[in-house]
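Coordinate analysis (summary)
Given next are the chains, with one letter for each unit.
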2 protein chains.
Amino acid sequence: MKDFAGTPGTLTALALRIAQFLFAAASIASMATTSSFFNFTAFCYLIASMGLQVIWSFGLALLDAYALVRRQALHNQIMVSLFVIGDWVTATLSLAAASASGGITVLYFHDLGECTIGTECQKYQLSVAFAFLSWFTVFVSSLIMFWLLAAG
Amino acid sequence: MKDFAGTPGTLTALALRIAQFLFAAASIASMATTSSFFNFTAFCYLIASMGLQVIWSFGLALLDAYALVRRQALHNQIMVSLFVIGDWVTATLSLAAASASGGITVLYFHDLGECTIGTECQKYQLSVAFAFLSWFTVFVSSLIMFWLLAAG
């Protein structure tokens, strides 16, 4: 398999995984500290989806770190296939969750006038912003993985 | 370039493009015939995104039909790169629009009790469902295109 920046076991891949993990964790932290998120299905879905993202990215970050320490590329066809499937599933779920929550945030902030629950509103916005950042980094990872798989 | 089902200029590709076009058009028709969609930013965004999808899919359907009639595969590296970028952009926009609208539909149907604007509600749901179907078919197309580009 070809070897380029971002493939499993490289420093770029590790940095991307850590960024995904941190953004997803920040999104959960920001959302979970509001007092009314459980009234909104989309916000609960965001927490669930970001939770999955945190687990997945943390696992792959550990794997990348292990490969870096052992100086060994993880370019096994079966493993890369698994990475591709996992990355695509989490990327799709993250984008859907971020967009659904973003839609509701815009509804409350823009369409129905102003948001009347004070600091809660900023936390919702912050959480959605972190979710989009997390999605973007997973999206980059998933493109690299898919390219690696297809290019053989 | 390799030749498999779904690559530009094949019958599968044409069928996928027609499905994308029809689903996106159905989504717009269902949403645009409601009387209050313009009060919701997400629903306006859905119409804009599905409008882009209709134009893109219709254009590529014509191109595929032309290639089928002329019995000539469209496997030029530059053209496939353009198809990949266009497919990815429209797929991402479609998923984001469908999810944002879906989030608001769930908010009104489930979180805030029942939807009180009668047949309008069913039209919103129908529009979101068609948008997700359209996204799914673009997603399949974009995966095929990306694979074709990467596999060279």
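Since we're looking at a predicted model, the values are computed, not measured.

**Quick word on the environment of Phe40 of chain B**
Residues and elements named next belong to chain B. With respect to the element layout, Phe40 can be found in the loop between helix H1 (11–32) and helix H2 (41–70). Under the relative-accessibility criterion, Phe40 is labelled buried at 10%. Sequence spacing of Phe40 and Ser101 is 61 residues, and the spatial spacing of their C-alpha atoms is 8.9 Å.

**What to know about the nonpolar core**
Within the largest apolar cluster, 34 residues are counted, with the highest numbers of intra-cluster contacts made by Met31, Phe43 and Ile104 of chain A together with Met31, Phe43 and Ile104 of chain B. Counting only elements with at least two residues in this core, the list comes to helix H1 (11–32), helix H2 (41–70), helix H3 (77–111) and helix H4 (119–151) of chain A together with H1, H2, helix H3 (77–111) and helix H4 (119–151) of chain B. Aside from chain neighbours lying at most four places away, what touches Phe43 of chain B is Met31, Phe37, Ser101, Ile104, Thr105 and Tyr124 of chain B.

**Regarding the packing of H3 of chain A against H4 of chain A**
All names here are of chain A. Two elements in contact, H3 and H4, have axes whose closest approach is 8 Å; the angle formed by their N-to-C orientations is 155 degrees. Judged by the inter-axis angle, H3 sits roughly antiparallel to H4. Taken as a pair, H3 and H4 cross one another with a handedness that is left-handed. Classifying every residue of the contact of H3 with H4 by side-chain character gives 19 nonpolar, 12 polar and one charged.

**Some thoughts on the packing of aromatic side chains**
For the structure on display, the rule yields 26 aromatic pairs over all chains. Taking 6.0 Å as the distance between ring centres and 85 degrees as the angle between the ring planes, the aromatic pair formed by Trp88 of chain A and Phe146 of chain A counts as edge-to-face. Of the two residues, Trp88 of chain A is situated in helix H3 and Phe146 of chain A in helix H4; the sequence distance between them amounts to 58 residues. Taken as a pair, Trp88 of chain A and Phe146 of chain A share a single burial class, namely buried. Chaining the aromatic ring pairs together yields one cluster made of Trp88, Trp135, Phe136, Phe139, Phe146 and Trp147 of chain A together with Trp88, Trp135, Phe136, Phe139, Phe146 and Trp147 of chain B.

**Thoughts on the interface of chain B and chain A**
Often, the extent of an interface is quoted as the loss of accessible area on bringing the components together. The interface is formed by 25 residues belonging to chain B together with 25 residues belonging to chain A. A combined buried area of about 2000 Å² lies between chain B and chain A, and 78% of that area is made up of carbon and sulfur atoms. Counting across the chain B and chain A interface gives zero salt bridges. Our count for the contact surface shared by chain B and chain A stands at zero residue pairs in polar contact (both at pLDDT 80 or more). Split into classes, the residues belonging to the side of chain B that touches chain A amount to 18 nonpolar, six polar and one charged.

**Things to note about the relation of the copies chain B and chain A**
If you rotate chain B by 180 degrees and push it 0.0 Å along the axis, it lands on chain A with an RMSD of 0.0 Å. When the rotation and shift are considered jointly, the pair of chain copies conforms to a two-fold rotation axis. Closest approach to the rotation axis within chain B is made by the C-alpha atom of Ala100 of chain B, at a distance of 2.0 Å. A share of 100% of the interface residues of chain B reappears at the interface of chain A, consistent with the copies meeting face to face through the same patch.

**Section: the UniProt feature "transmembrane region" (unreviewed entry) in chain A**
Residue and element names in this part refer to chain A. Residues annotated in UniProt with the feature "transmembrane region" (unreviewed entry) correspond here to residues 40–68, 80–109 and 129–150. Across residues 40–68, helical content stands at 97% and strand content at 0%; the span's end C-alpha atoms are separated by 42 Å. For residues 129–150, the end-to-end C-alpha separation is 32 Å, with 100% helix and 0% strand making up the annotated structure.

**A word on the pattern of salt bridges**
Note that side chains of opposite charge can pair when their charged atoms are close. Residues and elements named next belong to chain A. Within the structure shown, the criterion is met by two salt bridges over all chains. Close ionic contact of Asp87 with Arg17 constitutes a salt bridge, the shortest N to O distance being 3.0 Å. One end of the pair, Asp87, is in helix H3; the other, Arg17, is in helix H1, and 70 residues separate them in sequence. Of the two residues examined, Asp87 and Arg17, each falls in the buried class.

**What about the confidence of the model for chain A?**
Of the residues in chain A, 95% reach a pLDDT of 70 or more, and the chain-wide mean stands at 88. Taken together, the chains of this predicted complex give a pTM of 0.88 and an interface ipTM of 0.84.

Reading the values: rules and limits
Residues numbered from 1 in each chain as written. Chains lettered and ligands numbered in written order. Predicted model: local features only at pLDDT ≥ 70, side-chain atom pairs only at ≥ 80, totals over all residues. Heavy atoms only, no water. Helix = DSSP H or I, 4+ residues; strand = E, 2+ residues; numbered from the N terminus. Buried < 20%, exposed > 50% of the residue type's maximum accessible area, 1.4 Å probe, protein only. Core = buried A, V, L, I, M, F, W, Y, C linked by side-chain atoms within 4.5 Å. Contact = heavy atoms within 4.5 Å. Axes fitted to C-alpha atoms, helices over the stretch in contact; angles between N-to-C directions. Parallel < 35°, antiparallel > 145°, perpendicular 65-115°, else oblique. Left-handed = near helix turned anticlockwise from the far one by under 90°. Nonpolar A, V, L, I, M, F, W, Y, C, P; charged D, E, K, R; others polar. Phe/Tyr/Trp six-rings, centres within 6.5 Å; stacked < 30°, edge-to-face > 60°. Buried area = accessible area lost by both parts, 1.4 Å probe. Salt bridge = Lys/Arg side-chain N within 4 Å of Asp/Glu carboxyl O. Polar contact = N/O pair within 3.5 Å; in protein donor to acceptor, adjacent residues only side chain to side chain. Least-squares fit on C-alpha atoms with pLDDT ≥ 70 in both. UniProt positions renumbered as here; feature names shortened; annotations may be inferred. pLDDT = per-residue confidence, 0-100.

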